[in-house]
Amino acid sequence: MEKLLAFDCAAFLVMFVLLFTTITRRMFHGKENRIFLATLACAFITTLFDSLSIILDVYVDTNNIAKYISHSCYLFFHSMLIMIYLSYIISLADVWHKLKKNIVHNILLPIPMLVATLSIIINFFNHKLFYMNEQGHYTRGKYFAILYIAGFTYAIYGICFIWANRKLFRLSRFCALMSVFVLVFAATFIQMVMPDLVIEMFATTIGLLFISTIVQKPEENIDISTGLLNSIAYSIDVKRNFSNEKVFDIIMINISNFHSLRDIIGFDGARELLKAVAGKLNSINKATKLNLDLYYLGKGKFRMTIDEDKRERSSEIAEMINSALQKSVDVNHINLSLISYVCITRCPYDVDDYEILMHFGDRFTDDTEYSGNVLLARDLFKRERYDLFNKLDSIIENAITNHKFQVYYQPIYSTKEKRFNSAEALLRLKDDTYGFIPPDVFIPAAEKSGAIHRIGAYVLEEVCEFIASEDFPKLDIDYIEINLSVTQCMHQDLASQVLDILEKYKVSPDKINLEITETATSHMHSVMLKNLHELTEAGITFSLDDFGTGYSNMQRVATLPLKIVKLDRTFVNHEDNEKLSIVLENTVKMIKDMEMEIVAEGIETEQVLERFADMQCEYIQGYYFSKPIPKNDFIVFITKHLREAK
Ligand code: C2E
Ligand code: MG
Ligand code: MG
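### A few points about the nonpolar core
Nonpolar side chains in soluble globular proteins generally cluster together in the buried interior.
Part 1: Val463, Ile480, Ile512, Leu567 and Phe612 are the most contacted members of the largest nonpolar core, which has 105 residues in total.
Part 2: In terms of residue count, helix H18 (residues 452-468) provides more of this core than any other element does, eight residues in total.
Part 3: Of all hydrophobic cores here, the second largest spans 53 residues; its members include Phe44, Tyr88, Met113 and Ala116.

In structure tokens:
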């Protein structure tokens, strides 16, 4: 008997550690985490009564009442345990909403538990489940099998459920969930053959330990800075909701000035700010008593999901959140005002697709003026626009095969030579259904899908074909600037691809200039640097595009082999801000001192043009001269200017 106590004590200790670590790891968010916590608590209480019962049996001869109570509690919690575990599995699959509608399931499932509980209560009077023999030892009675049948019913149901829903679980989850049943069945079998060997709880504990380490991984699902569920959990939950045809609401909370606040208060301060916002959301969640799932997706974006049966309270909760976030937040004694957009999205009515939902969640603040009111996704949602995002991959593929891409050229004016000395090649995509799709939309999609490499090659071929054509030498254009995206820069074969195409059209390397962005240079990736140096050695020059938009790093600018820096148009148009003008003038001076040339982009007026000419900026590009135009129009445009200059 003492040996058995060792098994139980071990189980008790492991359960204690599991429960303790689960609580200290703050795994309360999300239904499945809460139910797992309940499973652990129930298992802990079961091992407690199990050990207590054995201690009473071994060390106390009399006091049968205490023994009856302790054994009954053990049996009750033990029966409960498998039912809670079953609930946990159902939560992991997230099909409660479907089961709730299944009357047979609702009536039949509680029956074994009710029968077990009743038998345990009645046993106080009829001693048919178990009794204390004359020596005061615990002895199983005639009807003890009732408890086995009840447990067995749930176990079989659980196994069938996991099997039927195996597509919803990853293999590791599937194995861990099944392992509990396998271990408990094995232990029960051993216990049936050797009734004195009470190792069932020990086996259960080992199974729960498996789940704790394999299934319940808080690091994967919890955001450390806020303690809320993270973007991975959000993606899993939302995708599962869509595939399970669930009806649910999402309250989207985007703090649109998060980045600017972070610039003011620093990264540690930003973490404090996020914590404060998470705290507000948590207390609203508590006040509603609905235990809703809260997520932090990064970049100041919070989400709250509300299941179908609680949806009538969505507006009320969104209003509560909205007014809580309109009050300023104190971080490190700085009083911060948030610009927080709160929007209710009803799924699947407003959005029924994960990708579209994510795009919408990222962008709904872009075109929406801040009003301070709760927004409704149905008012903001432009179906075609998000449909477009969803179909971009096939639109791009279609454009590649059916030659729907077209290269436009925007002339660049040399202030010194007073002529158009170069041009930037800019890609255009016209789709039959969606019309012109801006490069800002299709380039990121092509980068994600990998199509950018084929698109990049197409642009380069088009440009080289143009340069090699008879028309080009007549235009007196020194070189054409071609944009390279970040992923292109990271490609192993970029240098050889570019050089092969130049070779194919017999185009001299000094006829092209490649534009790379600040984002690409910020990666400072070895492949990117290798590409850059190889191409530079081959005689191709580089421009740094969009300078002044990101975190302009002068060290990078100084160390990379760049010929030209292109000032972004958002940086250029600041004539009314005196301090920014000082920054601009000094930036121009600094770049010139480093012996690099400057292209001022986005010049739309004569006034701005003159300002840059005064600053000795070598090149000007912008609508003032011309928008990007098709090749033939470009030829006409330049020819006309050449003629006028004569
Ligand atoms: P970018 O390289 O900075 O190109 C300049 C953008 O500013 C172009 O937008 C051009 O039409 C626009 N722009 C030029 N002057 C003015 C002006 O005076 N006012 C205003 N409001 N805009 C002006 P576009 O053509 O829509 O291209 C957007 C971005 O898409 C480009 O920015 C570039 O990063 C990317 N892109 C375009 N074509 C390609 C390509 O072939 N390959 C790659 N990788 N990216 C491309
Ligand atoms: Mg560019
Ligand atoms: Mg640019």
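Next comes the rest of the account.
### With respect to the coordination of the magnesium ion (ligand 2)
Part 1: For the magnesium ion (ligand 2), every protein donor is listed as Glu424 (OE), Asn483 (OD1), Glu515 (OE) and Asp545 (OD), and the spread of their distances is 1.9 to 2.2 Å.
Part 2: Here the donor residues for the magnesium ion (ligand 2) map to a single chain with the spacing E-x58-N-x31-E-x29-D.
Part 3: The metal-metal distance between the magnesium ion (ligand 2) and the magnesium ion (ligand 3) is 4.0 Å, with Asp545 serving as a donor to both. Within this pair, whereas Asn483 is found in strand S13 (residues 479-483), its partner Glu515 is found in strand S14 (residues 512-517), the two being separated by 32 residues in sequence.
Part 4: When its relative accessible area of 30% is taken as the criterion, Asn483 is described as partly exposed.
Part 5: Assessed through its relative accessible area of 0%, Glu515 is described here as buried.

### Here we look at the coordination of the magnesium ion (ligand 3)
Part 1: Protein coordination at the magnesium ion (ligand 3): the donors are Asp545 (OD), Asp546 (OD), Glu601 (OE) and Glu601 (OE), at 2.1 to 2.5 Å from the metal.
Part 2: We note that the donor set of the magnesium ion (ligand 3) lies within a single chain, spaced as D-D-x54-E.

### Some points on the site of ligand 1
Part 1: Around ligand 1 there are 24 residues in total, and Arg428, Asn483, Asp545, Glu604 and Tyr623 lie nearest to it.
Part 2: Here Arg428 contributes a side-chain N or O atom positioned 2.8 Å from an oxygen atom of ligand 1.
Part 3: At 3.4 Å from a nitrogen atom of ligand 1 is found a main-chain nitrogen or oxygen belonging to Ser485.
Part 4: Protein chains bury 87% of the 800 Å² of accessible surface belonging to ligand 1 in isolation.
Part 5: At the level of elements, strand S11 (419-431), helix H17 (439-449) and strand S15 (541-547) are the ones that each hand at least two residues to the shell around ligand 1.
Part 6: The element that contributes the greatest number of residues to the shell around ligand 1 is S11, accounting for four residues.
Part 7: Considering only residue class, the shell around ligand 1 consists of nine nonpolar, six polar and nine charged.

### Focus on the sheet that holds strand S9 (residues 375-376)
Part 1: Taken in spatial order, the five strands of this open sheet run S4-S5-S3-S8-S9, and their pairing is mixed. A single partner strand is all that each edge strand has here, and the edge strands are strand S4 (293-298) and S9.
Part 2: Strand direction decides the pairing type here: strand S3 (residues 248-255) and strand S8 (residues 340-347), joined by eight bridges, are antiparallel. Residue pairing for S8: Met252 is matched across the bridge by Cys343.

Calculation rules
Residues numbered from 1 in each chain as written. Chains lettered and ligands numbered in written order. Predicted model: local features only at pLDDT ≥ 70, side-chain atom pairs only at ≥ 80, totals over all residues. Heavy atoms only, no water. Core = buried A, V, L, I, M, F, W, Y, C linked by side-chain atoms within 4.5 Å. Buried < 20%, exposed > 50% of the residue type's maximum accessible area, 1.4 Å probe, protein only. Helix = DSSP H or I, 4+ residues; strand = E, 2+ residues; numbered from the N terminus. Donors = N, O, S within 2.8 Å, 3.2 Å for Na, K, Ca; no water. Near = heavy atom within 4 Å. Polar contact = N/O pair within 3.5 Å; in protein donor to acceptor, adjacent residues only side chain to side chain. Areas by Shrake-Rupley, 256 points an atom, 1.4 Å probe, with all protein chains shown as cover. Nonpolar A, V, L, I, M, F, W, Y, C, P; charged D, E, K, R; others polar. Pairing = 2+ DSSP bridges.

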